[in-house]
Amino acid sequence: MIALASDHAGLPLKREIISLLEEMGLPYRDYGAYSEQSCDYAVYAQLAARAVASGACERGILCCGTGIGISMAANKVKGIRCACVSDCFSAKLTRLHNDANMLAMGARVVGPGLGRMIAEVFLTTGFEGGRHQRRVDQIMAIEAGEDLTAGL
Ligand code: RB5
C-alpha cells in the first residue's frame, strides 16, 4: 500500500502518480488534499507519514510545489526517511543506500513525465543493506536521541 499526499500546488503531480500506480497495479491511499484550494502541506505530510510509520502503508509519495516543505514535515514523524528528489539517479540511490520510505517531489520543479519516472524508480528499487544498514541505523539513532559523536 502506497500513501500519497500533497498540498494544492502538488496536486497535479499527485494525479500523475495516481495514474502511474494504477498502471503498475499498486494499491494506494490518498490522504489529501483533494482540491486546488490553497492549504498547508504539513497537515497532509503528517497524515501520510503516520500511515507509513505505523506500517499501514509500505512507502509514501508526497508532492508540493518544491517537494521541500512537505519532505521537511514528513521527516519530523518518527520512523520516516523522506527524500526530496528531482532526478532518477537520486531516486534510485535513496532506495539503495538510505532505504528511504517516502519520496517527495515538487510539481513546480519536475514535469509530469519525469515525476512519473522518478516515482517508478523509487517504487521498484530495493535497499542494498550491508554497510548502508549501519548508516541508516545511525540516522535512526539520532532520531532516538543517541549521541553518535561520543566515540570521536
Ligand atoms: C505553496 O505555495 C508552496 O509553498 C508549497 O507547495 C511548497 O513548495 C513548500 O515547500
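Here the structure is a predicted model, which is why all the values come from computation and not from measurement.

**Student:** Explanation requested: the overall build of the chain in the structure shown.
**Tutor:** For the chain, the count of helices and strands is six helices and five strands. In sequence order, the chain lays out its α and β elements as β-α-β-α-β-α-β-α-β-α-α. For the chain, the C-alpha radius of gyration of 15 Å lies close to 15 Å, the compact-globule estimate for 152 residues. When the backbone C-alpha atoms are referred to their principal axes, the chain occupies close to 50 × 30 × 30 Å. With 152 residues in all, the chain has 46% of them scored as buried. Relative to all contacts within the chain whose residues are 6 or more apart in sequence, the contacts with residues 24 or more apart total 69%. When the accessible surface of the chain is summed, it comes to about 7,600 Å², and 53% of that surface belongs to carbon and sulfur atoms. Charge-centre separation for the chain: the mean point of 15 positive side chains lies 3 Å from the mean point of 16 negative side chains.

**Student:** Would you explain the sheet that holds strand β2 (residues 28-30) in this entry?
**Tutor:** Where strands meet in a sheet, backbone hydrogen bonds hold them as pairs that are either parallel or antiparallel. Taken together, the five strands give an open sheet; going across it, the order is β2-β1-β3-β5-β4, and neighbouring strands pair in parallel fashion. Two strands in the sheet have a free side with no partner beyond their single neighbour: β2 and β4 (82-84). This sheet shows a mean twist of 20° between the axes of neighbouring strands, independent of strand direction. Strand direction decides the pairing type here: β4 and strand β5 (residues 102-106), joined by three bridges, are parallel. The residue bridging C82 from the neighbouring strand is M102, located in β5.

**Student:** Would you take a moment to explain the packing of aromatic side chains for this structure?
**Tutor:** Two aromatic rings are characterised by how far apart their centres lie and by the angle between their planes. Under the criterion given, the structure shown has zero aromatic pairs. We note R59 situated over the ring of F122; from NZ or CZ to the ring centre the distance is 5.7 Å.

**Student:** Help me understand the pairing of strand β3 (residues 59-64) in this model?
**Tutor:** In regular strands, side chains alternate between the two faces of the sheet. By the criterion of burial, β3 is predominantly enclosed, with six of the six residues buried. Along β3, one buried face is formed by R59, I61 and C63 and the opposite face, lined by G60, L62 and C64, is buried too. Bridge count between strand β1 (residues 2-6) and β3: five bridges; the pairing is parallel. Paired with I2 across the strands is R59, a residue of β3. Two elements, β3 and β5, share five bridges in a ladder whose sense is parallel.

Basis of the calculations
Residues numbered from 1 in each chain as written. Predicted model: local features only at pLDDT ≥ 70, side-chain atom pairs only at ≥ 80, totals over all residues. Heavy atoms only, no water. Helix = DSSP H or I, 4+ residues; strand = E, 2+ residues; numbered from the N terminus. Rg over C-alpha atoms; globule rule 2.2 N^0.38 Å. Buried < 20%, exposed > 50% of the residue type's maximum accessible area, 1.4 Å probe, protein only. Contact = heavy atoms within 4.5 Å. Areas by Shrake-Rupley, 256 points an atom, 1.4 Å probe, with all protein chains shown as cover. Lys, Arg positive; Asp, Glu negative; His and termini not counted. Charge placed at Lys NZ, Arg CZ, Asp CG, Glu CD. Pairing = 2+ DSSP bridges. Axes fitted to C-alpha atoms, helices over the stretch in contact; angles between N-to-C directions. Phe/Tyr/Trp six-rings, centres within 6.5 Å; stacked < 30°, edge-to-face > 60°. Lys NZ or Arg CZ within 6 Å of the ring centre and 35° of its normal.

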